[in-house]
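Here is how the chains run, residue by residue.
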Amino acid sequence: MTLTLKINGQDHPLDIDPDTPLLWALRDNLGLTGTKYGCGIGQCGACTVHIDGQAVRSCAMPVEACAGQSVTTIESLSPDRSHAVQRAWIEGQVPQCGYCQSGMIMAAVALLKENPKPSDADIDAAITNLCRCGTYPRVRAAIKAAAGIAV
């Protein structure tokens, strides 16, 4: 079946099984490898993308459900890492291994779009992504820095 997905502002017709997880369409069919595979059941958040501006776990989202919606991946935040969240991540040296970070960044961007001045409780409630390295304090600090909140 051919589905057309709008990914990072461009339409992409894909000859794909409609039940294929969006994650695999992004990585295998479109070569957008910034979105990572972590758990495959929508729990860890390494695969977080935006669908119509909302943070969504792409490993549990069938491509058919994305037709007619706008999908944004980490690749489209900025071509030169100039997005405020990316800058805060770099300046705060948030990642250790870095595997979960693209999903964390996408979750943080969605949070700040919805709540530009989040409290610690707001951050804890919105950022449910898992980090095996335990960089949560640095994640929280980077989100506050991106929001212009004194850390």
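This text goes with the structure placed above it.
This is a predicted model, so every value here is computed, not measured.

A.B. asks: What is the right way to read the pairing of strand β1 (residues 2-7) from this model?
C.D. replies: The side chains of a regular strand alternate between the sheet's two faces. Burial of β1 is one-sided: the residues L3, L5 and I7 facing one way are buried, the residues T2, T4 and K6 facing the other way are not. Here six bridges tie β1 to strand β2 (residues 10-15), and the two strands are oriented antiparallel to one another. Its bridge partner lying in β2, K6 is registered against D11. Between the end of β1 and the start of β2, which pair antiparallel, lie two residues, with N8 showing a positive phi angle near 50°.

A.B. asks: Looking at this structure, I do not really get unusual backbone geometry. What am I missing?
C.D. replies: Note: most peptide bonds trans; most residues except glycine with negative phi. Positive phi is not limited to glycine here, since N8 has a value of about 50°. Relative to the helices and strands, N8 is located in the loop between β1 and β2. On the accessibility criterion, N8 (25% relative accessible area) is partly exposed. Although it is not a glycine, D52 adopts a positive phi angle of roughly 50°. When you line up the elements, D52 lands in the loop between β3 (48-51) and β4 (54-57). For D52, a relative accessible area of 46% puts it in the partly exposed group.

A.B. asks: Explain the packing of aromatic side chains to me, please; I cannot follow it from the model alone.
C.D. replies: Two descriptors summarise a pair of aromatic rings, namely the distance from one centre to the other and the angle between the planes of the rings. Tallied over the full model, the rule gives one aromatic pair. Each ring, one from W24 and one from Y37, has its centre 5.3 Å from the other, and the planes form 35°; the classification is tilted. Of this pair, W24 sits in helix α1 (residues 22-29) while Y37 sits in the loop between α1 and β3, and the two are 13 residues apart along the sequence. Of the residues examined, Y37 reaches a relative accessible area of 34% and is grouped as partly exposed.

A.B. asks: What is the right way to look at the nonpolar core in this model?
C.D. replies: Nonpolar side chains in soluble globular proteins tend to end up buried together. V85, W89, M104, I105, I127, V139 and I143 are the most contacted members of the largest nonpolar core, which totals 22 residues. Looking at this core, the elements that each hand over two or more residues are α2 (84-91), α3 (101-114) and α5 (136-147). Sort the elements by how many residues they give to this core and α3 lands first, with eight residues. Apart from the residues within four sequence positions on either side, M104 is in contact with W89, I127, N129, L130, C131, Y136 and V139. In this structure, I7, V49, C66 and V71 belong to the second largest nonpolar core, which totals 15 residues.

A.B. asks: Any chance you could explain the sheet that holds β2 here in plain terms?
C.D. replies: Hydrogen bonds between backbone groups are what pair the strands of a sheet, and the pairing can be parallel or antiparallel. Across the sheet, which stays open at both edges, the five strands sit in the order β2-β1-β5-β3-β4 with mixed pairing between neighbours. Each edge of the open sheet carries a strand with a single partner, namely β2 and β4. Going from strand to strand, the sheet's axes swing by 40° on average, the running direction of each strand aside. Where β3 and strand β5 (residues 70-72) come together, two bridges link them in antiparallel fashion. Following the sheet pairing, I51 is matched in β5 by V71. Sheet strands touched by α3: β3, β4 and β5. Its angle to β3, the strand with the most contacts, is close to 40°.

Procedures and definitions
Residues numbered from 1 in each chain as written. Predicted model: local features only at pLDDT ≥ 70, side-chain atom pairs only at ≥ 80, totals over all residues. Heavy atoms only, no water. Buried < 20%, exposed > 50% of the residue type's maximum accessible area, 1.4 Å probe, protein only. Helix = DSSP H or I, 4+ residues; strand = E, 2+ residues; numbered from the N terminus. Pairing = 2+ DSSP bridges. Phe/Tyr/Trp six-rings, centres within 6.5 Å; stacked < 30°, edge-to-face > 60°. Core = buried A, V, L, I, M, F, W, Y, C linked by side-chain atoms within 4.5 Å. Contact = heavy atoms within 4.5 Å. Axes fitted to C-alpha atoms, helices over the stretch in contact; angles between N-to-C directions.

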